[in-house]
Amino acid sequence: MSTRFQIKQLLSDSVVYGLTGMLNRFITMFFVPVYSRILMPADYGVMNLINIIFMAVTIIVVCGFDGATMRWYYDEKEEQKQNACFASWFWFQLMSVLLLSVVVYFCIPVFTNLVFDTDVRILFLIQIANLFFSILPLILQIYFRAKRNPKQYLRVALSNTVMSIGFTILFL
């Protein structure tokens, strides 16, 4: 491959993958004023505390294996071994999400008694469901990115964004 082709491919990849990430962050930023208008400060604080807990859980679930999977994927030359690499990661991610979801589910009373003044079980249950359903698009996005299929990547990323907006509006 020529250097010119590689630079062109890098720029097109950066546009596709970078803009979708920026779009998600912009939409998240757009909802902050909506939250501050609709929610009381205490409710907004509870929501943020629960989000922080689940950000930590997400970090534990992903463990950087998304990047490691991409690296191992490109190290393998045979498609069968590449698919095995992704299959291993898929099952690990799925099992770790299920395991941590169960752990968080049983820790809800502890979090509720230690941190929150009100009963926030339903918010934890919504976040557990969100954790499970957000890991699946992540897996698909990394798969399509590795396969260099930007159209499928965009479909998954935009579908995930639209669903996030829909659920945000639904649960407000």
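Since the structure is predicted, the reported quantities are computational estimates derived from the model, not experimental observations.

## Observations concerning the packing of helix α4 (residues 79-115) against helix α5 (residues 121-146)
1) Next: Two elements in contact, α4 and α5, have axes whose closest approach is 10 Å; the angle formed by their N-to-C orientations is 170 degrees. The angle between α4 and α5 falls in the class roughly antiparallel.
2) Next: Taken together, the residues that form the contact of α4 with α5 break down as 22 nonpolar, three polar and one charged.

## Details of the confidence of the model for the chain
Atomic detail in the predicted coordinates should be set aside for any region of low pLDDT.
1) Next: Summing up the model confidence of the chain, the mean pLDDT is 85 and the portion of residues at 70 or higher is 99%.
2) Next: Ranking the helices and strands of the chain by mean pLDDT puts α4 first, with 90, and helix α1 (residues 3-38) last, with 79.

## As for α5
1) Next: Taking 1.5 Å per residue as the helical rise, α5 with its 26 residues ought to reach 38 Å, and the 38 Å between its terminal C-alpha atoms agrees with that figure.
2) Next: Among the residues of α5, F124, Q127, I128, L131, I135, P137, I139, Q141, I142, F144 and A146 are the ones counted as buried.
3) Next: Looking at the buried positions of α5, the neighbouring elements they touch are α1, α2 (41-62), α3 (65-75), α4 and α6 (150-171).
4) Next: Phi turns positive, to about 55 degrees, at R148, one or two residues after α5.

## Some points on unusual backbone geometry
1) Next: The phi dihedral of C63 falls on the positive side, at around 55 degrees, and the residue is not glycine.
2) Next: When you line up the elements, C63 lands in the loop between α2 and α3.
3) Next: The exposure class assigned to C63 is partly exposed, which follows from its relative accessible area of 43%.
4) Next: Unlike most non-glycine residues, R148 shows phi in positive territory, near 55 degrees.
5) Next: Take R148: it is sitting in the loop between α5 and α6.

Reading guide: rules and limits
Residues numbered from 1 in each chain as written. Predicted model: local features only at pLDDT ≥ 70, side-chain atom pairs only at ≥ 80, totals over all residues. Heavy atoms only, no water. Axes fitted to C-alpha atoms, helices over the stretch in contact; angles between N-to-C directions. Helix = DSSP H or I, 4+ residues; strand = E, 2+ residues; numbered from the N terminus. Parallel < 35°, antiparallel > 145°, perpendicular 65-115°, else oblique. Nonpolar A, V, L, I, M, F, W, Y, C, P; charged D, E, K, R; others polar. pLDDT = per-residue confidence, 0-100. Expected span 1.5 Å × (residues − 1). Buried < 20%, exposed > 50% of the residue type's maximum accessible area, 1.4 Å probe, protein only. Contact = heavy atoms within 4.5 Å.

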